[in-house]
Amino acid sequence: MKKILVIEDDPELNRNIKEALLAENMQVETVYDGLLAERILNKSHFDCILLDINLPGKSGFDLAKDFRTHNIATPILMISAFSELEDKVHGYEMGADDYITKPFYMRELILKINSLIKRSQNTAADRHENELIIAGDLQLDTRLKKVSRQHTEIALTPREYQILLKLLESKGEIVSKQRLVQEIWGKSFDANTNTIEVYINFLRKKIDRPFNKESIKTKIGYGYYFED
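Attention in this report is confined to the structure presented alongside it. It should be emphasised that the depicted structure is a prediction, and the values quoted were computed from it without experimental measurement.

## Re helix 7 (residues 177-185)
Of all the residues in helix 7, the buried ones are Leu-180, Val-181, Ile-184 and Trp-185. For helix 7, the angular spread of the buried residues around the axis is 100°, confining them to a single face. Positive phi appears at Gly-186, one or two residues downstream of helix 7, with a value of about 105°.

Following this line, the structure appears as structure tokens:
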């Protein structure tokens, strides 16, 4: 049974989400306060976290950022009343895997949750013959989920790690935006959004720019590739 943590301070919305997830045979725990949510996250495991941004005690952004310091695997679906790109970008930077904007259909929420859990499980079950992938001065350890360049460890979110892994596995071949979306987010995700562009920009800021590199390349109209 999938175990979901709902962190939402609106009592009615919190209750409606819980009822919808229970109807899908999911195990649901709910909380209304950011500080209490943090204590629960530190002691319990969940298959997916639904996280509102504006919370009393501690914001969703801060919760996600601190949670990612010790857990990069559990998917986070952020719930927001705002649809501005800047808010979404900030959420992704803090460690969110996906977004849903209020108001939303419960069916859409459930589809996103199932997609995130499936991708997370596939990533955990994925086994690579070579645990260490080396591309020039960059190393990716598939067992420890760690990335380093020039002997400096680079902290990546789960989605950033997955995108980088796909690019490295392709060994210089172009990976289309659609393929990245389908293999990482699932077919239910809208491939026409600019989410991939946002994550590629995040990766370049972490993987390339601090080391004066331009390894992550764009072929306009086709996709992305990694060049040693």
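## Brief notes about the layout of surface pockets
The gaps left among the atoms become clear once a water-sized probe is rolled over them. Taken as a whole, the largest pocket spans an internal volume of roughly 410 Å³. Together, 19 residues line the largest pocket, and Ala-155, Leu-156, Thr-157, Glu-160 and Lys-206 are the ones closest to its centre. Secondary structure elements with two or more residues in the lining of the largest pocket: helix 4 (85-94), strand 8 (146-149), strand 9 (152-154), helix 6 (158-169) and helix 8 (195-208). Class assignment of the residues belonging to the lining of the largest pocket gives a composition of eight nonpolar, two polar and nine charged. Taken together, domain 1 (3-123) and domain 2 (127-226) each give at least three residues to the lining of the largest pocket, which thus spans both.

## Concerning the packing of aromatic side chains
Two aromatic rings, taken as a pair, are described by how far apart their centres are and by the angle between their planes. All chains considered together, the criterion is met by three aromatic pairs. Summarising the aromatic geometry, the rings of Tyr-92 and Tyr-199 are spaced 5.0 Å apart at their centres and angled 55° between planes, so their arrangement reads as tilted. One end of the pair, Tyr-92, is in helix 4; the other, Tyr-199, is in helix 8, with 107 residues separating them in the sequence. Of the two residues, Tyr-92 and Tyr-199, both sit in the buried class. Geometrically, the ring pair formed by Tyr-199 and Phe-202 is edge-to-face, given 5.8 Å between the ring centres and 80° between the ring planes. You can see Tyr-199 and its partner Phe-202 sitting in helix 8, three residues apart, about one turn around the helix. Here Tyr-199 falls in the buried class, since its relative accessible area comes to 0%. Ring pairing ties together the aromatic residues Tyr-92, Tyr-99, Tyr-199 and Phe-202, which thus form one cluster. Lys-3 extends its terminal NZ or CZ atom over the ring of Phe-46, reaching a point 4.9 Å from the ring centre.

Calculation rules
Residues numbered from 1 in each chain as written. Predicted model: local features only at pLDDT ≥ 70, side-chain atom pairs only at ≥ 80, totals over all residues. Heavy atoms only, no water. Buried < 20%, exposed > 50% of the residue type's maximum accessible area, 1.4 Å probe, protein only. Helix = DSSP H or I, 4+ residues; strand = E, 2+ residues; numbered from the N terminus. Arc of directions from axis to C-beta. 1 Å grid on protein atoms, 1.4 Å probe; cavity = no way out; pocket = protein on both sides within 12 Å on 5 of 7 lines; lining within 4 Å. Points joined across faces, edges and corners; volume = space filled by probe spheres on them. Nonpolar A, V, L, I, M, F, W, Y, C, P; charged D, E, K, R; others polar. Domains from an automatic or database assignment. Phe/Tyr/Trp six-rings, centres within 6.5 Å; stacked < 30°, edge-to-face > 60°. Lys NZ or Arg CZ within 6 Å of the ring centre and 35° of its normal.

The quantities given are spatial measurements derived from coordinates; they are silent on function.
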